[in-house]
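Architecture at a glance
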Amino acid sequence: MKKLLAIETSCDETSVALLTGDSGEVKVEALQVSSQIDKHRPFGGVVPELATRQHLLHLDPMVRSTLSEVGWSLNDLDAVAATRGPGLNSSLLIGFSFANAIAVSADTVFYGINHLEGHLYSPFIEQGQLPEFPQVALIVSGGHTQLIHAESAGSYRRLGTTLDDAAGEAFDKIAKMLGLPYPGGPEVDKRAALGNVKAWDFPRSMLHSGDFNFSFSGLKTSARTALQKAPEVLKDEGKLNDFCASFQEAIVEVLVKKGMKAAHECGHTLLTVSGGVSCNKRLREAFAEASAKEGVRCLFSSPKFSTDNAAMIGAVAIDRLMGGAPSDLDVDVDPNLKLA
Ligand code: KG4
Ligand code: ZN
């Protein structure tokens, strides 16, 4: 059984995980996530400078306390991993340099992991498994909306991406217009459950584009125009809930239809959905309905592995370690790192 320490600091969550792994298996022995949401909320979004300071403040005590939680020392580690990108440059640098230094001092291999690959691995962590392939992966987060055809570990082809805003970004921006706190996704999710999806007819951009790309900026503009014409929405709880339900439905419908279409076209019966937006209850419900109808298995993880966390970074690194991949000690962070 190999032992690994993983660190994730690509944006505004500081996360540390300890994992053990064997061939095809992975177990999360400890996971800590320090959320910075309260620090960024007054600014309505992530402030990179603040994020960097918080990572610096929390990382060392979190590594020490996870190690003591499971009774390991640095000498027990077989590998150390950290997120290499994509993400905020200064945030990435903190976790990456910290992990790199631990790897050197503990004389272990080091892996720089693609954050998006971490999301792709996340739906399998709870079952203690490394991913099944082939699959189609829909990664929906605050920074990304991508459909990936994953043939095998490390062999990925991008089917489509967003041409403007990511789905999570659309949730956050529209929520901000509505005066809801950051991050908007979970707030809209809660309100939408009480609202009427048919109250507003928002555009389903690129639903019939014939490709697997997405666009959410038209929805944002449409929501802004609707609000200008109906400012009472901001003062009426019921209307606010209807507004949330309606625009959430527009995002959900496009994600589900394009996700299912991609699975069919690639000839696969497994579709994984990951990233922060995959926490969305209506999205899960809509995928479950489509999955039952269309014979495609849709796999999600629990919310703790859906939003940014170090366990998903560790799961990719365990796979590489078991496959005997060499150390990445000389690589650097890449804020624009691509998955495919
Ligand atoms: O994966 P993640 O934690 O960070 C990135 O890699 O971006 O995703 C964060 C995003 C935010 O935009 C947040 O609003 C969204 O995920 N999100 C949700 C929900 N929970 C988080 N969006 C819709 N419904 C939710 N329940
Ligand atoms: Zn993420």
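The text that follows walks through the structure, step by step, so that each part is easy to find. Note that this is a predicted model, so its numbers are computed, not measured. (Residues numbered from 1 in each chain as written. Chains lettered and ligands numbered in written order. Predicted model: local features only at pLDDT ≥ 70, side-chain atom pairs only at ≥ 80, totals over all residues. Heavy atoms only, no water.)

Turning next to the coordination of the zinc ion (ligand 2). Around a metal, the perfect tetrahedron of four donors has angles of 109.5 degrees, and the perfect octahedron of six donors has angles of 90 or 180 degrees. Binding of the zinc ion (ligand 2) to the protein goes through His115 (NE2), His119 (NE2) and Asp308 (OD), at separations of 2.0 to 2.1 Å. The coordination sphere of the zinc ion (ligand 2) comprises 4 donor atoms, whose angles at the metal cover 94 to 144 degrees; the geometry is irregular. Motif for the zinc ion (ligand 2), donor spacing along one chain: H-x3-H-x188-D. On the criterion of sequence distance, the pair formed by His115 in helix 4 (residues 115-121) and Asp308 in the loop between helix 10 (303-306) and helix 11 (310-322) is long-range, its members being 193 residues apart. Look at His115 and you get buried, because its relative accessible area is 5%. (Donors = N, O, S within 2.8 Å, 3.2 Å for Na, K, Ca; no water. Tetrahedral: all angles 85-135°; square planar, octahedral: opposite > 155°, others 65-115°. Helix = DSSP H or I, 4+ residues; strand = E, 2+ residues; numbered from the N terminus. Buried < 20%, exposed > 50% of the residue type's maximum accessible area, 1.4 Å probe, protein only.)

Now for the packing of aromatic side chains. Following the criterion strictly, the structure yields 8 aromatic pairs and no others. Measuring from centroid to centroid gives 6.0 Å for Phe171 and Phe247, while their planes differ by 50 degrees, and the two rings are tilted. With Phe171 in helix 5 (residues 167-177) and Phe247 in helix 8 (residues 237-266), the pair connects residues that are 76 residues apart, well separated along the chain. The exposure class of Phe171 is buried, given its relative accessible area of 2%. (Phe/Tyr/Trp six-rings, centres within 6.5 Å; stacked < 30°, edge-to-face > 60°.)

Attention now moves to the nonpolar core. Formed by 50 residues in total, the largest nonpolar core has its most connected members in Leu178, Phe243, Phe247, Ile251, Leu255, Leu271 and Phe287. If you list the elements that add at least two residues to this core, you get strand 6 (135-140), helix 5, helix 6 (184-192), helix 7 (217-229), helix 8, strand 9 (270-274) and helix 9 (281-294). Per-element tally for this core: the top contributor is helix 8, with 15 residues. Apart from the residues lying within four places of it in its own chain, the contact partners of Ile251 are Ala167, Ala170, Phe171, Phe216 and Leu219. In terms of nonpolar packing, the next biggest core, distinct from the first, is built from 30 residues, Ala150, Ala310, Val316 and Leu339 among them. (Core = buried A, V, L, I, M, F, W, Y, C linked by side-chain atoms within 4.5 Å. Contact = heavy atoms within 4.5 Å.)

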